[in-house]
Amino acid sequence: MLDQYKVENVLFIDIETVPQHAGFQDLDVDFQQLWEKKSSYFRKEDQTPADVYERAGIYAEFGKIVCISGGIVFSKNGERFFKAKSFAGHDEKLLLTEFGQMLTAFTSEKDRNICGHNVKEFDIPFIARRMIINGVSLPAELDVAGKKPWEVKFIDTLDLWKFGDYKHYTSLALLTKILNIPTPKDDIDGSQVASVYYEENNLERIAVYCEKDVFATAQLFLRFKGESLIKQENFIRAE
């Protein structure tokens, strides 16, 4: 499986998103009305738009990116290592610009690909939409308009696990568990990112969490390829 891809030529990514504002009351009147309409499709009868505003972070029109983590595999002295770098901050335009520059540099070489878990349905579209909203130029690899399927350089570990079963969803946490991929115990999960951001103002904690998911995705990719996993102690955080 995946014999055509060399792991050293793959950039593994993950993003963390939050609602645009700390609470529904912070939205202007227009956005409150737009969120009321948007949330009507999933709100329960006894819930108000404010009650479900925490879900705004999964929609590019109502959320924003606070962290993008990327990681690569490299070899040294016959041993594999994984190096992760995060673009995190309150200035979304700046982190998107810096990530875009890194992505352009990485994909400038031949046979480079981008990989993530559910990256085709969530991460890549979210990044691209937020770049448009923030006036950031799309890197060539993200500008998929008019491209043929084989020209799109995205590898999705969720798609690989589906084996064509498009109604099926399996979380990264579940896949790493059933495939015996060791992962560090986290003190937060995805549902807590918004509170860590708005209540604790702790971007570092979010970045560490995001990087762990990137590393787990790389390990999953190696598992699909039937190759040895990278030792936990060979995980490196870039300065």
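Figured I'd write up the structure that's included with this text. On a predicted model such as this, the values are computed, not experimentally measured, just so you know. (Residues numbered from 1 in each chain as written. Predicted model: local features only at pLDDT ≥ 70, side-chain atom pairs only at ≥ 80, totals over all residues. Heavy atoms only, no water.)

## A closer look at the overall build of the protein
Then step 1. The secondary structure content of the protein amounts to seven helices and six strands.
Then step 2. Counted from the first residue to the last, the protein has its helices and strands arranged as β-α-β-β-α-β-α-β-α-α-α-α-β.
Then step 3. A globule of 239 residues ought to have a C-alpha radius of gyration of about 18 Å, and the protein, at 18 Å, matches this closely.
Then step 4. Overall size of the protein, expressed as C-alpha extent along the three principal axes, is 60 × 40 × 40 Å. (Helix = DSSP H or I, 4+ residues; strand = E, 2+ residues; numbered from the N terminus. Rg over C-alpha atoms; globule rule 2.2 N^0.38 Å.)

## Things to note about the environment of Met102
Then step 1. Relative to the helices and strands, Met102 is located in helix 2 (residues 92-107).
Then step 2. For Met102, a relative accessible area of 22% translates into the label partly exposed.
Then step 3. A C-alpha to C-alpha distance of 26 Å links Met102 and Leu229, two positions 127 residues apart in sequence.
Then step 4. Ignoring anything within four residues of it in the chain, the contact list for Met102 reads Leu11 and Phe87. (Buried < 20%, exposed > 50% of the residue type's maximum accessible area, 1.4 Å probe, protein only. Contact = heavy atoms within 4.5 Å.)

## Considering the nonpolar core
Then step 1. Residues Phe12, Phe82, Leu220 and Phe221 are the most contacted members of the largest nonpolar core, which totals 23 residues.
Then step 2. Contributing elements (two or more residues each) for this core: strand 1 (10-19), strand 3 (79-88), helix 5 (172-178) and helix 7 (203-225).
Then step 3. Looking at this core, the element that brings in the most residues is helix 7, giving eight residues.
Then step 4. For Leu220, the residues in contact, after removing those within four places along its chain, are His117, Thr157, Leu172, Leu175, Leu179 and Ile181.
Then step 5. If you look at the next biggest cluster of nonpolar residues, it comprises 21 residues, including Phe106, Ile127, Val136 and Phe154. (Core = buried A, V, L, I, M, F, W, Y, C linked by side-chain atoms within 4.5 Å.)

## Brief notes about the packing of helix 2 against helix 3 (residues 119-134)
Then step 1. Where helix 2 contacts helix 3, the axes come no closer than 10 Å and their chain directions differ by 120 degrees. Of the possible angle classes, the one that applies to helix 2 and helix 3 is oblique. Handedness of the crossing formed by helix 2 with helix 3: left-handed. For the pair formed by helix 2 and helix 3, the contact residues are Glu92, Lys93, Leu96, Phe99 and Gly100 on the first element and Ile127, Arg130, Met131 and Asn134 on the second.
Then step 2. Tallied by class, residues from the contact of helix 2 with helix 3 come to four nonpolar, two polar and three charged. (Axes fitted to C-alpha atoms, helices over the stretch in contact; angles between N-to-C directions. Parallel < 35°, antiparallel > 145°, perpendicular 65-115°, else oblique. Left-handed = near helix turned anticlockwise from the far one by under 90°. Nonpolar A, V, L, I, M, F, W, Y, C, P; charged D, E, K, R; others polar.)

## A word on the packing of aromatic side chains
Then step 1. A complete count under the given rule lists 18 aromatic pairs for this structure.
Then step 2. Aromatic pair Phe31 and Phe62: ring centres 6.1 Å apart, planes at 80 degrees, arrangement edge-to-face. Linking Phe31 in helix 1 (residues 29-39) with Phe62 in the loop between helix 1 and strand 2 (63-76), this pair joins segments that are 31 residues apart in sequence.
Then step 3. Each ring, one from Phe87 and one from Phe99, has its centre 6.1 Å from the other, and the planes form 75 degrees; the classification is edge-to-face. Of the two residues, Phe87 sits in strand 3 while Phe99 sits in helix 2, which places them twelve residues apart along the sequence.
Then step 4. Against the face of Phe42 rests Arg55, its NZ or CZ located 3.8 Å from the ring centre.
Then step 5. Over the ring of Phe106 we find Arg112; its NZ or CZ atom is 4.3 Å from the centre of that ring. (Phe/Tyr/Trp six-rings, centres within 6.5 Å; stacked < 30°, edge-to-face > 60°. Lys NZ or Arg CZ within 6 Å of the ring centre and 35° of its normal.)

## Section: the pairing of strand 4 (residues 113-116)
Then step 1. The alternating pattern of strand 4 places Asn113 and Cys115 on one face and Ile114 and Gly116 on the opposite face, and all of these are buried.
Then step 2. With three bridges joining them, strand 1 and strand 4 adopt parallel strand pairing. Across the sheet, the residue bridging to Val10 is Asn113, located in strand 4.
Then step 3. As a crossover connection, the stretch from strand 4 through helix 3 into strand 5 (residues 154-156) is right-handed. (Pairing = 2+ DSSP bridges. Right-handed = clockwise from strand over helix to strand, strands pointing away.)

## Focus: helix 3
Then step 1. In the structure, helix 3 departs most strongly from a straight axis at Pro125, where the bend amounts to approximately 30 degrees.
Then step 2. Regarding helix 3, the residues found buried are Val119, Asp123, Ile124, Pro125, Phe126, Ile127, Ala128, Arg130, Met131 and Asn134.
Then step 3. Those residues of helix 3 that are buried lie in contact with strand 1, strand 2, helix 2, strand 4 and strand 5.
Then step 4. Of the residues one or two after helix 3, Gly135 is the one with positive phi, at around 75 degrees. (Bend = angle between axes of the 7 residues up to and from the residue.)

## Quick look at the side chain of Asp156
Then step 1. Along the polypeptide, Asp156 turns up in strand 5.
Then step 2. A polar atom in the side chain of Asp156 sits 2.9 Å from the backbone nitrogen of Leu158. (Polar contact = N/O pair within 3.5 Å; in protein donor to acceptor, adjacent residues only side chain to side chain.)

## Remarks on the sheet that holds strand 4
Then step 1. Strand order in the open sheet formed by six strands is 5-4-1-2-3-6, with mixed pairing between adjacent strands. Looking along the sheet, the strands with just one partner apiece sit at the ends: strand 5 and strand 6 (235-237). When the angles between neighbouring strand axes are averaged without regard to direction, this sheet yields 30 degrees.
Then step 2. By the bridge criterion, ten bridges tie strand 2 to strand 3 in an arrangement that is antiparallel.

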